[in-house]
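Listed here are the chains, written in short residue letters.
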Amino acid sequence: PFVQNDQKCRKGRSGDSMAARELLLVAFAGAVIRGALFARPPNVTYFINTETCHLQVTWERSEVPNCTQMYEVAVRINGTWDNNSKRCLRNTSWDPTVPLGKEIDFQVKTSCHKVCGDASGWNDDEAFHVVQNGAAGTGARDLNCTWWNRSYMDCLWQPGEKASPGTSYKLFYWHGDLKKGHQCRNLTSDGSVFRCGFEWKVHHVSLITISIQGDSENIQPTCWLFNSINSLVKFDPPVITNLSKKGSEVFLQWTQPVNLYNLDYQVEVDSSQIVTPSKDSASAKITVEPNKQHTFRVRVKSEKGQWSDWSKEMVLDHETSILPILLLTLIPFCVALLLVILLIYLKRIKLLILPKIPDPELILNHMFEEHNENPPICETANDEDTHLLMIVEPAGNEK
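Residues numbered from 1 in each chain as written. Predicted model: local features only at pLDDT ≥ 70, side-chain atom pairs only at ≥ 80, totals over all residues. Heavy atoms only, no water.

Draft legend 1. The sheet that holds strand S22 (residues 294-301), seen in detail. Strand order across the open sheet formed by 4 strands is S20-S19-S22-S23, with antiparallel pairing between neighbours. Both edges of this open sheet fall to strand S20 (273-275) and strand S23 (314-316), since each of them pairs with a single strand only. Neighbouring strand axes in the sheet, compared pairwise and without regard to direction, differ in orientation by 30 degrees on average. Alignment of S22 against S23, held across 3 bridges, turns out to be antiparallel. Residue pairing for S23: Thr295 is matched across the bridge by Val315. (Pairing = 2+ DSSP bridges. Helix = DSSP H or I, 4+ residues; strand = E, 2+ residues; numbered from the N terminus. Axes fitted to C-alpha atoms, helices over the stretch in contact; angles between N-to-C directions.)

Below, the structure written as structure tokens:
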């Protein structure tokens, strides 16, 4: 019996050792898989497309037993992992958009899970650092783009702090429907401010990149990523077309952008009060203090865009009574009319009471004038001829 029990004990010990070996193999395989989970894939390379702001990364597939391979990727910008860039990929390539001009790193690791982990827990020492062209501080800065009336993009920027005087720049823009970056041709500069504008009537894209490059390899390219292009929209200020008042209520009307909706408006009253009409409204009724002058301005913006400039200020004068104006106008007129009537009446009364005495000199002169104009004519008794008789006295009779 003791022999049988000893044999059973030996069999038990041998079975335990086999189980232990299997557990060791499983643990080793798990360690291999876990090691492969965080391992870099081989032959990782990258290329920077400065016109479209893309970082094009490629690698080779690694062999991991009993694993459906996935690749976890993410970008680190200025020392902080960007969770929005995190992806789980089956392919061996990746082309994220990156803000060139900032410190950029990226990571690629092999995973056996279909769900990506938290990028913040990755080993920072295993990240790939992206080497960018140009000297730091020479790239364009302070870019400000405005999408005017959803049809024209206008961008302004300043040269880099370390850029040499006379440095020139060129601007490229890109969105998902373009195969390559397009260069802006309307470039102007005014001292330390550069400006370039281009037509932009594409409304459905969600991402647009703006790349600004220098005229030499020593100038560092810079990129700006706009994930919400609607945030750049700015409209021309509205025009107030009607401003009227009835009692203490003022009615305003203004122009609106054509075929656009979800617009917000604000009405400024007397440079202090802000009134917000209903969305997409082109008019407003505002209660104001009567018998006082008031000023009004209007501005508009899209749902995610920028406020437009204020419209031209319109002034509404306070109401005045019509009766004082009529009295001030009619009283002088009535007084003048009465004076004229009185003068005419007094002149007639004077003629009736004191008639005018005729001037004798005028009467006599008139009579003499008539007499001279019509002298008396003497007629002979008959029609016989008359002869002159001359009497001549004889000479010598003189005394």
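Draft legend 2. Fine view of the environment of Thr276. The topology assignment puts Thr276 in the loop between S20 and strand S21 (283-287). Residues Thr276 and Tyr265, spaced 11 residues apart in sequence, show a C-alpha to C-alpha distance of 6.2 Å. With residues near it in sequence (within four places) discarded, Thr276 still touches Tyr265 and Gln266. (Contact = heavy atoms within 4.5 Å.)

Draft legend 3. Structural view of the sheet that holds S21. With antiparallel pairing, the 3 strands of this open sheet are ordered in space as S17-S18-S21. In the strand order of this sheet, the two ends are held by strand S17 (240-246) and S21, each with one partner. Across the sheet, the mean angle from the axis of one strand to that of its neighbour is 15 degrees, orientation sign disregarded. Direction of pairing for strand S18 (residues 249-254) relative to S21: antiparallel, over a ladder of 5 bridges.

Draft legend 4. Broad picture of the pattern of salt bridges. Tallying each qualifying case throughout the model produces 9 salt bridges. With a closest N to O distance of 3.3 Å, Asp105 and Arg76 form a salt bridge. With Asp105 in strand S6 (residues 104-111) and Arg76 in strand S3 (residues 70-77), the pair connects residues that are 29 residues apart, well separated along the chain. Note on Asp105: relative accessible area 5%, which makes it buried. Across the salt bridge formed by Arg141 and Asp142, the nearest N and O atoms sit 3.2 Å from each other. A network of salt bridges, in which partner residues are shared, links Asp264, Lys279 and Lys301. (Salt bridge = Lys/Arg side-chain N within 4 Å of Asp/Glu carboxyl O. Buried < 20%, exposed > 50% of the residue type's maximum accessible area, 1.4 Å probe, protein only.)

Draft legend 5. Looking closely at the packing of aromatic side chains. Per the counting criterion, the structure on display carries 10 aromatic pairs. Here the aromatic rings of Tyr173 and Phe198 are separated by 3.9 Å at their centres, their planes lie at 0 degrees, and the arrangement is stacked. Of this pair, Tyr173 sits in strand S10 (residues 169-175) while Phe198 is found in strand S13 (residues 193-199), placing the two residues 25 residues apart along the sequence. For Phe198, a relative accessible area of 5% translates into the label buried. Tyr173 sits in the buried class, given a relative accessible area of 12%. An aromatic cluster is built from Tyr46, Trp94, Phe106 and Phe128, whose rings are joined through pairwise contacts. (Phe/Tyr/Trp six-rings, centres within 6.5 Å; stacked < 30°, edge-to-face > 60°.)

Draft legend 6. Molecular detail of the nonpolar core. If you look at the biggest cluster of nonpolar residues, it comprises 42 residues, and the most contacted ones within it are Met153 and Ile210. With near-sequence residues (within four places) excluded, Met153 lies in contact with Cys145, Thr146, Trp147, Cys196, Gly197, Phe198, Trp200, Ile208, Ile229 and Leu232. Counting 19 residues, the second-largest nonpolar core is a separate cluster that includes Trp59, Trp94, Val108 and Val130. (Core = buried A, V, L, I, M, F, W, Y, C linked by side-chain atoms within 4.5 Å.)

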